[in-house]
Structures are given as C-alpha cells and as structure tokens.
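Residue-level structural notes
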Amino acid sequence: MVRGKLNGRGNIMLPNETEIHELEDNESYRYLGVMEADDIKQSEMKAKIKKEYIHRLMKVLKSKLTAGNLIAAINTWAVSFYRYRAGIIQWTKAELQQLDRRTRKLMTMHKGLHPRSDVDRVYVERDQGGRGLMSVEETVNYESHSLKKYTEGSPVEFIRTAGKIINTNSEDGRQEYRNHQKTERKQNWHDKPINGQHLRQTEDQAAKETWQWMKRGCLKRETESLIIAAQDQALRTNYRKAKIEKSTNNPKCRLCKQKDETVSHIVIECSKIAQTKYKGWHDKVASAVQWSICKKHELPHTAKWYDHRAEAVLENEKVTLLWDFNVQTDKMEAGDKHHSFYARLSEFTGK
Ligand SMILES: [Zn+2]
C-alpha cells in the first residue's frame, strides 16, 4: 500500500499530487456509495435513495414497455437501488410501506395498475397469476436477512460485531422470511371474498395454463391491468355497486335484469348479448380456425389470419369446408325427433 505524506497544512498528499483534506463540519465522504462522516449519514442517504428510486421509476413508467417488461424493469433497475444498501441504511417499516404505496400510486397514474385491483396480487409472481412486482419492503428485509446471515457466519470478530446492528424487522431466517412472504401474499389474495373469486374458480388449471398470458407479459400495460381488474371484480358493475359500494340496492344486470351483474355474467352468461357480442367473439376465434384449415388444405386464404373473412362454402378436389351450417345427425334422445346439431364449423374430408 502506498502511503501519502502530510503536507504543511496537515493534509495528506498522495503520490499523484492529490491532496486529501480533513472533513469540515457538514461534509461527508462516500464509502461504497454510502455517505459517511463519523457515522453513516442516515437521513441524507435516505432522501438521496428515495429521490433516485422515484426518478428511475418515473423513467420506466414513461416508457412504452409492455406490461411484463415494465414490471421487470422496475424490479431490476429501480427496486434494486434499495437492495444494494439494505441492512446499512436503517429503514423503518412505515417508510418502506409508504414507498410501496407510492409505487402503486404512480403505476396507477401511468395506467399500469387499476386503482381498485387487488394489492396482494400485485406482488404475487407472474406464473402464479400475480403482476410480479417486487415490494421495496420485502426486498430490503430479505437483503438485510442475507447480510445478517453473512456477518454472523464470518470468522472475523469485527464483522460479527458490526453485523449486530443490522435490523431485519422479523425473527424468521432468510429463506423462511421469503417463503413466508410469498405464501402469505397468495393466500391473502385467494381468501378475499371478491378479489379472490377468479383465483378460486380457476384453481384446478391455474398452474398449467391459465397464467401463460401473464408469464409472457406481452400485452400493453393498460390491457393487462384492465383484464386483471375484471378478474378481481374491481370494475364498477351493479353487483359491486350494490354489495361493496352500497351506492344502489339493485345488483341485477342492466340488460337482462335477471341475474346479478358480475363480470363473469357479462362476459359469458347474459342472454341479451348472446346473439350479438358473444357470437361476434365466437366467430372471430372460429374464423382464425377456418384460416388455419384453409392454409392446411390449400384453400384460398389471406396472408394474415386476422385479415381472413370466413366464407360459407369453400372447396377443392379433396375438401369441402362449411361455415355456420346446420347438420342433421342421428337421434340423440328417446323419441322419433331428430336432434339437430348446430355446427358452426364443420370439416368434411374424403369427398
Ligand atoms: Zn344480463
């Protein structure tokens, strides 16, 4: 190690002519990015970290990233800023929770989160159906646990002693803390009578297929947060207004007036829109299927599936393809009446 010499003013001179002067009263120096004087400058550092975090968060929120990439960017670029100094800067629980609230609020202002959708779900992992955001509070606590574990296991007594000041805000070990947080978030979301409804109804297939679209995360953030809000029953349907907001007495559907106006009623069940909206959605999907069959059997088709307009009859030497066609089948039930099977799309091969 090269040592500097003291000059006439009592300052240290380094061999490259740099002069290191003594700290003035209000001055501090940086050690591994943390401002210190005779002690760590806690409040100054907190203000700086918070400012930089919000700055990074805003930059990401103003970008045009897709829903999945937006969350990934916040996690790796903004939340990580807290991670690096966890355990050194002593945050209170309230400070960290306030920051998570601020994050969600800013996401809402930038159309990335519906204001009434479930809070726990925001922090559940994407392959479990959540948004996959890392909570600042949980990240800091987890990292503090890691640092504490490292210092406790150190062979150097000085490091073990220094580790005693690390506050982890919980009695659990590091891995237990993380597992506990993960299970608790999911369970809270699951158990909520309204917000957890969709999760409970889809539990059987949830792990296998339901959350594929969340995992891919390629939707626009507005679209993703709207779908999530619908699943969380957070949209202002009559059912919600009557049962939660208590702003009306009538929970019934404003179209059919028969059943409760829940999101699932509107999406699949309402008799008043069965022949219009539902048929339209159905036909859109079916026309994509027809396009694939056309492609397979070399029938006329457009280059892109979404430009395809279904034709009533299409045929070549091998195949006849029918669209929206009534087919008479053998009787299905007792009696002489023939059962008419309404086939929207039938493929007959081997003419
Ligand atoms: Zn209805």
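Residues numbered from 1 in each chain as written. Predicted model: local features only at pLDDT ≥ 70, side-chain atom pairs only at ≥ 80, totals over all residues. Heavy atoms only, no water.

1. Considering the overall build of the protein chain
Operational definition: To qualify as a helix, a DSSP run of H or I must reach at least 4 residues; to qualify as a strand, a run of E must reach at least 2; elements of each kind are numbered from the N terminus. Categorising residues by exposure relies on relative accessible area from a 1.4 Å probe, with only protein chains included: less than 20% of the type maximum marks a residue as buried, more than 50% marks it as exposed, and the intermediate range marks it as partly exposed. Whether two residues are in contact is decided by their heavy atoms, any of which lying within 4.5 Å being enough.
When you go through the protein chain residue by residue, the secondary structure sums to 14 helices and eight strands. In the protein chain, which comprises 351 residues, the share counted as buried stands at 39%. Summarising the internal contacts of the protein chain: among those between residues at least 6 apart in sequence, 49% fall at separations of at least 24.

2. Considerations on the pattern of salt bridges
As a reminder of what qualifies: Any carboxyl oxygen of Asp or Glu that lies within 4 Å of a side-chain nitrogen of Lys or Arg is treated as forming a salt bridge with it.
Using the criterion set out here, one finds 19 salt bridges in the structure. Two residues, Glu52 and Arg56, come together in a salt bridge whose shortest N-O distance is 2.8 Å. Of this pair, Glu52 and Arg56 both sit in helix α1 (residues 42-61), four residues apart, which is roughly one turn of that helix. For the salt bridge of Asp120 with Arg185, the shortest nitrogen-to-oxygen distance reads 3.1 Å. Of this pair, Asp120 sits in helix α4 (residues 119-122) while Arg185 sits in helix α7 (residues 174-191); the two residues are 65 residues apart in sequence, bridging distant segments of the chain. Here the salt bridges share partners, and the residues they tie into one network are Asp118, Asp120, Glu138, Arg185 and Lys192.

3. Regarding the pairing of strand β7 (residues 319-328)
This is how it is decided: At least two DSSP bridges between two strands are required for those strands to pair.
Direction of pairing for strand β6 (residues 313-315) relative to β7: antiparallel, over a ladder of three bridges. Its bridge partner being in β7, Glu315 is matched across the sheet by Thr320. What sits between the antiparallel neighbours β6 and β7 is a turn of three residues.

4. Looking at the packing of helix α5 (residues 136-152) against α7
We count it as follows: Axes here refer to lines fitted to C-alpha atoms; in helices the fit is confined to the stretch in contact. Angles between the N-to-C directions go from 0 to 180 degrees. An angle below 35 degrees is treated as roughly parallel, one above 145 as roughly antiparallel, one from 65 to 115 as roughly perpendicular, and anything else as oblique. It is the rotation of the near helix from the far one that decides the hand of a crossing: anticlockwise by less than a right angle makes it left-handed, clockwise makes it right-handed. The residue classification treats Ala, Val, Leu, Ile, Met, Phe, Trp, Tyr, Cys and Pro as nonpolar and Asp, Glu, Lys and Arg as charged. All others, Gly included, are polar.
Where α5 contacts α7, the axes come no closer than 8 Å and their chain directions differ by 160°. By the angle class used here, α5 and α7 are roughly antiparallel. When you trace α5 past α7, the crossing you get is right-handed. From α5, Glu137, Glu138, Asn141, Tyr142, His145, Ser146 and Lys149 reach across to α7, where they touch Arg174, Gln175, Tyr177, Arg178, Gln181 and Arg185. Within the contact of α5 with α7, the residues separate by chemical class into two nonpolar, five polar and six charged.

5. Quick word on helix α12 (residues 238-245)
All of the buried residues in α12 are Asn238, Arg240, Lys241 and Ala242. Positive phi shows up at Lys246, right after α12, with a value of about 55°.

6. Description of the coordination of the zinc ion
Basically, it comes down to this: For Na, K and Ca the donor cutoff is 3.2 Å, while for all other metals N, O and S atoms count as donors only within 2.8 Å; water does not appear among the atoms, so some sites may look incomplete. A four-donor site is called tetrahedral if each angle lies between 85 and 135 degrees; a four-donor site is square planar, and a six-donor site octahedral, when trans pairs exceed 155 degrees and the remaining angles lie between 65 and 115; all other cases are labelled irregular.
Around the zinc ion, the protein contributes the donor atoms Cys253 (SG), Cys256 (SG), His265 (NE2) and Cys270 (SG), which lie 2.1 to 2.4 Å from the metal centre. Geometry at the zinc ion is tetrahedral, judged from its four donor atoms and the angles of 103 to 116° they form at the metal. Positions of the donor residues of the zinc ion, expressed as sequence spacing, correspond to C-x2-C-x8-H-x4-C. With a gap of 14 residues between them, Cys256 in the loop between α12 and α13 (263-269) and Cys270 in the loop between α13 and α14 (274-296) connect regions that are remote in the sequence.

7. As for the packing of aromatic side chains
Put simply, the rule reads: Between rings of Phe, Tyr and Trp, where Trp is taken as its six-membered ring, a pair exists when centres lie within 6.5 Å; planes separated by under 30 degrees are stacked, by over 60 edge-to-face, and by other angles tilted. Geometrically, a lysine NZ or arginine CZ counts as sitting over a ring once it is within 6 Å of the ring centre and also within 35 degrees of the ring normal.
For the structure shown, the criterion picks out five aromatic pairs. Aromatic side chains Tyr53 and Tyr82 sit 5.2 Å apart centroid to centroid with 85° between the ring planes, which places their arrangement in the edge-to-face category. Of this pair, Tyr53 sits in helix α1 while Tyr82 sits in helix α2 (residues 67-83), and the two are 29 residues apart along the sequence. The interplanar angle of 80° and the centroid separation of 5.7 Å between the aromatic rings of Trp305 and Tyr306 together place this pair among those described as edge-to-face. Of the residues examined, Tyr306 reaches a relative accessible area of 49% and is grouped as partly exposed. We note Arg85 situated over the ring of Phe81; from NZ or CZ to the ring centre the distance is 4.7 Å. The ring of Tyr142 carries Arg178 above its face, with NZ or CZ at 3.7 Å from the centroid.

8. Thoughts on a nonpolar patch on the surface
In plain terms, the rule: Nonpolar side chains (Val, Leu, Ile, Met, Phe, Trp, Tyr) within 5 Å and like charges within 9 Å form the patches, drawn only from residues with over 30% relative accessible area and no salt bridge. What sets the accessible areas is the Shrake-Rupley method with a 1.4 Å probe; for residues, cover comes only from the shown protein chains.
Taken together, the side chains of Ile266, Val267, Ile268 and Trp281 define a hydrophobic patch exposed on the protein surface, amounting to about 390 Å² of accessible area. Counting residues per element, the nonpolar patch draws most heavily on α13, at three residues. Residue classification places Trp281 among the partly exposed positions, given a relative accessible area of 42%.

9. Considering the confidence of the model for the protein chain
Under the convention used in this document: Confidence scores here are pLDDT values: one per residue, from the predictor, ranging 0 to 100.
Residues with a pLDDT of 70 or more make up 86% of the protein chain, whose mean pLDDT is 84. At the low end of the mean pLDDT range in the protein chain sits strand β8 (residues 340-349), at 39; at the high end sits α4, at 96. Of the regions scoring below 50 in pLDDT, residues 335-351 engages in 50 contacts with residues more than four places distant in sequence or in other chains.

10. Describing the packing of α2 against α5
Here α2 crosses α5 at 45°, and the two axes come no closer than 9 Å. Classified by the angle between their axes, α2 and α5 sit oblique to one another. In this structure, α2 crosses over α5, and the sense of that crossing is right-handed. Of the residues in α5, those in contact with Val79, Tyr82 and Arg83 of α2 are Val136, Thr139, Val140 and Glu143. Its residues assigned to classes, the contact of α2 with α5 comprises four nonpolar, one polar and two charged.

11. Some details on the nonpolar core
Spelled out, the test is: Side-chain atoms within 4.5 Å link the members of a nonpolar core, which is a set of buried Ala, Val, Leu, Ile, Met, Phe, Trp, Tyr and Cys residues.
Core analysis: the biggest nonpolar cluster contains 28 residues, and Tyr53, Ile74 and Tyr82 have the highest contact counts within it. Of all elements in the fold, only α1, α2, α3 (93-109) and α5 reach the threshold of two or more residues within this core. It is α2 that contributes the most residues to this core, eight residues altogether. Those residues within four positions of Tyr53 in sequence are excluded, and the remaining contacts are Ala78, Val79, Phe81, Tyr82, Leu99, Thr103 and Val136. Residues Trp189, Trp213, Met214 and Ile228 belong to the second largest nonpolar core, which totals seven residues.

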